[in-house]
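One letter stands for each residue in the lines below.
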Amino acid sequence: MSRDMETTQEFYGSVLGWTFRSGVPEEGFCVAFADGAPVAGIGAVARAYQVAVSWTPYFAVEDADAAAARIRERSATVAVGPINFGKGRAALASDPDGAVFGIWQGQLPHWSVGRGSAPAWLELRTRDTFAAAIFYAGVLDWASEGEGGCDVVYKGDQVIVRAESVEVAGISGGAVEAAPDPHVRPRWHVYFKVADVEEAAHAARAAGGTVTQSPHVSRLGKEATLRDPDGGLFTVLAT
C-alpha cells in the first residue's frame, strides 16, 4: 500500500527496475513488472488514514470463503473480505499474533516465490514459531498431500515452507521449542531479487528511501534491508 503512487513508482522503478501497468478497472491500483513479468501489486491508501505502509504477502487458496472461515476458527482476524477483486476474490487478515497477510482465490501469474521475476523469499518473524506453523498449515493447507501442496520442514531454528522442493518461505522467532518471545513484533517480510545489492542500496538513498541494514551476507545470499519513502520495509537479495 502507498500514500503517493507516483512517488512509489519512481522509487521502485529506480531501485528495482520495475515498470508499471494500471490495474484497470480498479482505480488506485497498479501491477509492477520485472523483465516483463508481474512481480507485485501496489494500491493507494488515502493520506487521511494513519495506517502503516507495508508489503503484504497474499497466499493462493482454492476457496477464499472457506479459508476465511478457517482463519476465524483459529482465533485470528479477517479484517477485509473476502471481496470480489478483478478476476478473483481476496481477503486481508492477521494471524493470532497480529502478522498481516492476504488470501487470494483466482487467476495467478505463472510464477511462484523463488522463481523467475517473483519475490525471492518470504519470512514470517513471529513470537512462537511452532504455533505460527500450525496456524498457517491449517489455514492454507500446507503439509497437505494434494497436488501443488507445500511441505513444511524444520531447519535449525526455522520452519521452512517448500513448494515443489523449492524453499519459498521461513517462519522464525527463536528456537522451535523456545518459549514465545514477547520482544518480537510479528510481521511478514518480503525479499526482492536484484543483480547488485550495493547498487540497490545506493539507489534507495538517492530516491528518498533509507537503508536500515547495510549490505551483508546471510544464509540466503547477499542482502540489504531498505525502507521506501512511505516507510515500507523490504529486503533486496542477490541470488
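In the block above lies the structure referred to throughout.
One structure accompanies this document, and this report is about it. Treat the numbers as computed from the prediction; the structure is a model and nothing was measured. Residue positions within a chain follow its written sequence, with the count starting from 1. This being a predicted model, a pLDDT of at least 70 is required before a residue's local features are given, and a value of 80 or more before pairs of side-chain atoms are given or counted; all residues contribute to the totals for chains, interfaces and linings. Side-chain numbers come from the whole structure's heavy atoms, not from hydrogens or water.

### Structural notes on the side chain of aspartate 228
Then comes step 1: Within the secondary structure, aspartate 228 is located in the loop between strand 14 (221-227) and strand 15 (233-238).
Then comes step 2: With no salt bridge to any partner, buried aspartate 228 finds its closest opposite charge in arginine 227, at an N-O distance of 7.3 Å.
Then comes step 3: Under this definition, polar contacts are N or O atom pairs within 3.5 Å; protein pairs additionally need one hydrogen-donor-capable and one acceptor-capable atom, and for neighbouring residues in sequence, both atoms have to be side-chain atoms. Side-chain polar atoms of aspartate 228 contact the backbone nitrogen of glycine 232, separated by 2.7 Å.
Then comes step 4: Excluding anything up to four places from it in sequence, aspartate 228 contacts Phe11, Tyr12, Gly209 and Phe234. Comment: elements are numbered from the N terminus, with helices defined as DSSP H or I runs of at least four residues and strands as E runs of at least two. Exposed residues in this analysis have more than 50% of their type's maximum accessible area, buried residues have under 20%, and partly exposed residues fall in between, with area computed by a 1.4 Å probe over protein chains only. For the purpose of charge, His is not counted, nor are the chain termini; Lys and Arg are scored as positive and Asp and Glu as negative. Salt-bridge detection follows one rule: a side-chain nitrogen of Lys or Arg within 4 Å of a carboxyl oxygen of Asp or Glu. Whether two residues touch is decided by their heavy atoms; if any such pair falls within 4.5 Å, the residues are in contact.

### Thoughts on the packing of aromatic side chains
Then comes step 1: Stacked, tilted and edge-to-face are the three classes applied to pairs of Phe, Tyr and Trp rings, where Trp contributes its six-membered ring and a pair requires centres within 6.5 Å; stacked means planes under 30 degrees apart, edge-to-face means over 60, and tilted covers the rest. Applying the stated rule across the entire model yields 15 aromatic pairs.
Then comes step 2: When the centroid spacing of 5.0 Å and the interplanar angle of 90° are considered together, the rings of tryptophan 18 and phenylalanine 192 count as edge-to-face. One end of the pair, tryptophan 18, is in the loop between helix 1 (5-16) and strand 1 (19-22); the other, phenylalanine 192, is in strand 12 (residues 187-193), with 174 residues separating them in the sequence. The residues tryptophan 18 and phenylalanine 192 share a single accessibility class, namely buried.
Then comes step 3: Between phenylalanine 101 and phenylalanine 135 the ring centres are 6.2 Å apart and the planes differ by 80°, which places this aromatic pair in the edge-to-face class.

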